[in-house]
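Below, each chain spelled out in residue letters.
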Amino acid sequence: MLSLVTAAEQQYRHESSVREREHAMLVAIRDRRAGLALIDQPVTVVAARPQRTPWARPIGLRLTADDPCPTACAIA
């Protein structure tokens, strides 16, 4: 009778340890998937647009101090 009890205790300990290992493995898999899901989310980066000039400056244009309106070249 004592050997049956000892065998049952050993079987219970074995099954408990196997269950604990499987549970720990499933938890690790779930945590890894959750971590990968956070990493795989697309990150939207909005770059600042460069400041544009209101008109294109002609090549070789030199602004002089006596010219009251530098926009005259762009309009003409």
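As shown above, the structure is provided for reference.
Residues numbered from 1 in each chain as written. Predicted model: local features only at pLDDT ≥ 70, side-chain atom pairs only at ≥ 80, totals over all residues. Heavy atoms only, no water.

Asker: Explain the overall build of the protein to me, please; I cannot follow it from the model alone.
Answerer: For the protein, the helix and strand inventory stands at two helices and zero strands. For the protein, the proportion of its 76 residues judged to be buried stands at 1%. Carbon and sulfur atoms form 61% of the exposed surface of the protein, whose accessible area is close to 7,700 Å². (Helix = DSSP H or I, 4+ residues; strand = E, 2+ residues; numbered from the N terminus. Buried < 20%, exposed > 50% of the residue type's maximum accessible area, 1.4 Å probe, protein only. Areas by Shrake-Rupley, 256 points an atom, 1.4 Å probe, with all protein chains shown as cover.)

Asker: Sorry, what's going on with a nonpolar patch on the surface here?
Answerer: Residues Met25, Leu26 and Ile29 make up a contiguous nonpolar surface patch of about 300 Å² in total accessible area. Here Met25 lies in helix H1 (residues 2-39). (Patch = residues over 30% accessible without salt bridge, like charges linked within 9 Å, V, L, I, M, F, W, Y side chains within 5 Å. Salt bridge = Lys/Arg side-chain N within 4 Å of Asp/Glu carboxyl O.)

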